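Residue-level structural notes
Listed below are the residues making up each chain.
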Amino acid sequence: MSADQTPQNSAATTGVPTGSAAPAASQMWGGRFARGPAAIMEKINASIGFDKRLADQDIAGSKAHAAMLAKQGIISQADADAIIAGLDRVKAEIDAGSFTFKVELEDIHMNVEARLAELIGEPAKRLHTGRSRNDQVATDFKLWVRDAIDRTIAGLTALQAALIDLAEQHTGTVMPGFTHLQAAQPISFAHHLLAYVEMFGRDRSRFRDARCRLNECPLGSAALAGTPYPIDRFMTAEALGFNRPTANSLDAVSDRDFALEYLSAASICAMHLSRFAEEIVIWCSAQFRFIKLSDAFTTGSSIMPQKKNPDAAELVRAKAGRVIGSLNSLLIAMKGLPLAYSKDMQEDKEPVFEADDTLALCIAAMEGMVRDMQPNVPAMREAADRGFLNATDLADWLVRELDMPFREAHHVTGRAVKAAEDRRVGLTDLSLAELQAIEPRITEAVYPALSIEASLNSRTSFGGPAPVRVQEAVKAARERFL
Ligand code: ARG
């Protein structure tokens, strides 16, 4: 079982002692403790059930710290060499699944250090010189969130690629554009897909911004007040890929802004995915039939044989709640905390892990659905004939050809729509006599302007849906995002 899969603090894994004999005091701080914690204390205090996911980052941080201690003459080179080789062995055990995580050792930091001591003995006791678990956990967690940001950006890029590939084939595929989910004006399927490409592009830039601000190294801030040892914080910062060390030791161990920024960006992204998922659900419905999802992304009903349900899209729509909930829960955990570290901050990890797992799953599922979906071009075209999508075009024609003020043209068009509605036909089905009864100056020349294709082709403003613009937009999106 890998570090990521082991169940959390369930009764079976907590190893909470049940006998009456008091447990022994901790090896890490047992000096002033006569006995160990109550079983329930151990259970509430331990984070190993989830922070084992920081194992790689913890080991990388400790290796950088040990190398720096030796370089600065704080520990011997021989001790540093033993520590670094030992940490590699610990990592190999964790990777192989043979490492035993112990609840009584509380968290990943002490689990790794205790195992290191078992493996290499004496030198392991020198590793914790000039640092504390407070700067250690801040460093580990930043490294983890930084990796999560990089993975998320890669996932979003793949999703954008799928959208752009599909858009490229559908710049001429007419569909109704909606406001209030009421048919509004003609657009193309490509134009609609590219709207999401923009949204995911902004998500990527939010993650990128968060990464820039995150990238300062807390290591060496120690418990809260730095250390008297002649450490080199620039060296460890560089070794771990940070731009610089954090500037204030108190802030460094108190700050979880990086996690909150990650969760904020993740929440906005999950909201975007949820909106897209909702559209997929709508498009798949028998009332719309704009797209079809294959068996790969749908499920059947146990009772209604005709059903093909878009479950994956529905789940993406719902899972945004977990991500937004994670942001909320960490904001609440952090508000009102005095400087510097408080144990409340141990509650930072699970929301971030949960949000990251959820977001990665949702992004991958959406990419899968985009690659899977079969657009129903005739159904979209047919839908564009309903709902008077060309009403604005009639008003625009009156403005252009008759020099009518737009407000008046709007009113005239409204009367034409009413006449067509009464006869249950479209605007182009009204005879010239019928149109002239509303506005005598209307001529035959109005009809070509009212075709849906003409309407779409005419919307050539920058950022608009005319096929010429959207072809350019597809190319530009490839250059900007892929
Ligand atoms: N497991 C702790 C956490 O995740 C590590 C830091 C503990 N520091 C302390 N002073 N008790 O926050």
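None of the values given here were measured: they were computed from a predicted structure.

1. Topic: the site of the ligand
Taken together, the residues surrounding the ligand are Ser47, Asp51, Asp107, His109, Arg133, Asn134, Val137, Tyr341, Gln346 and Lys349. At 2.4 Å from an oxygen atom of the ligand is found a side-chain nitrogen or oxygen belonging to Tyr341. In the complex, the protein chains occlude 86% of the 340 Å² of accessible area that the ligand would expose alone. Among the elements that make up the shell around the ligand, the one with the highest residue count is helix 7 (residues 133-168) (3 residues). Along the lines of polarity and charge, the residues of the shell around the ligand split into 2 nonpolar, 4 polar and 4 charged.

2. Quick word on the packing of aromatic side chains
This model, assessed by the stated rule, comprises 10 aromatic pairs. Measuring from centroid to centroid gives 4.3 Å for Tyr196 and Phe276, while their planes differ by 25°, and the two rings are stacked. Placement of the pair is Tyr196 in helix 8 (residues 189-214) and Phe276 in helix 11 (residues 257-284), with a sequence separation of 80 residues. Judged on exposure class, the residue Tyr196 and its partner Phe276 are both buried. Note on Phe288 and Phe290: the rings are 5.1 Å apart at their centroids and 75° apart in plane angle, and the pair reads as edge-to-face. Here the aromatic residues Phe141, Trp144, Phe258 and Phe353 are joined through ring pairs into a cluster of three or more. Stacked on the ring of Phe242, the Lys or Arg Arg146 has its end atom at 4.9 Å from the ring centre. The positively charged end of Lys349 is found above the aromatic ring belonging to Phe141, 5.7 Å away from the centroid.

3. Here we look at unusual backbone geometry
With an omega of 0°, the peptide bond between Leu339 and Ala340 qualifies as cis. If you trace the backbone, Ala340 turns up in the loop between helix 12 (311-334) and helix 13 (349-372).

4. Some details on the nonpolar core
Counting residues in each nonpolar core, the largest one holds 105 residues, and the members touching the most others are Phe207, Leu273 and Phe276. In terms of nonpolar packing, the next biggest core, distinct from the first, is built from 22 residues, Met404, Val412, Leu427 and Val446 among them.

5. Considerations on the UniProt feature "domain: Argininosuccinate lyase C-terminal" (unreviewed entry) in the protein chain
This chain's UniProt record puts "domain: Argininosuccinate lyase C-terminal" (unreviewed entry) on residues 388-457. Segment residues 388-457 splits into 67% helix and 0% strand. End C-alpha atoms: 17 Å apart.

6. Notes on a nonpolar patch on the surface
A contiguous nonpolar patch, built from Met28, Trp29 and Phe33 and spanning about 270 Å² of accessible area, is present on the exposed surface. Checked against the element boundaries, Met28 lands in the loop between helix 1 (11-14) and helix 2 (39-45). A residue is classified by how much of its surface remains accessible, and Met28, at 32% relative accessible area, is partly exposed.

7. Details of the environment of Ala82
Take Ala82: it is sitting in helix 5 (residues 77-96). Of the residues examined, Ala82 reaches a relative accessible area of 25% and is grouped as partly exposed. In this structure the C-alpha to C-alpha distance between Ala82 and Ala66, which are 16 residues apart in sequence, comes to 9.7 Å. In contact with Ala82, not counting residues within four places along its chain, are Ile120 and Pro123.

Here is what the cut-offs are and how they apply
- Residues numbered from 1 in each chain as written.
- Predicted model: local features only at pLDDT ≥ 70, side-chain atom pairs only at ≥ 80, totals over all residues.
- Heavy atoms only, no water.
- Near = heavy atom within 4 Å.
- Polar contact = N/O pair within 3.5 Å; in protein donor to acceptor, adjacent residues only side chain to side chain.
- Areas by Shrake-Rupley, 256 points an atom, 1.4 Å probe, with all protein chains shown as cover.
- Helix = DSSP H or I, 4+ residues; strand = E, 2+ residues; numbered from the N terminus.
- Nonpolar A, V, L, I, M, F, W, Y, C, P; charged D, E, K, R; others polar.
- Phe/Tyr/Trp six-rings, centres within 6.5 Å; stacked < 30°, edge-to-face > 60°.
- Buried < 20%, exposed > 50% of the residue type's maximum accessible area, 1.4 Å probe, protein only.
- Lys NZ or Arg CZ within 6 Å of the ring centre and 35° of its normal.
- Core = buried A, V, L, I, M, F, W, Y, C linked by side-chain atoms within 4.5 Å.
- UniProt positions renumbered as here; feature names shortened; annotations may be inferred.
- Patch = residues over 30% accessible without salt bridge, like charges linked within 9 Å, V, L, I, M, F, W, Y side chains within 5 Å.
- Salt bridge = Lys/Arg side-chain N within 4 Å of Asp/Glu carboxyl O.
- Contact = heavy atoms within 4.5 Å.

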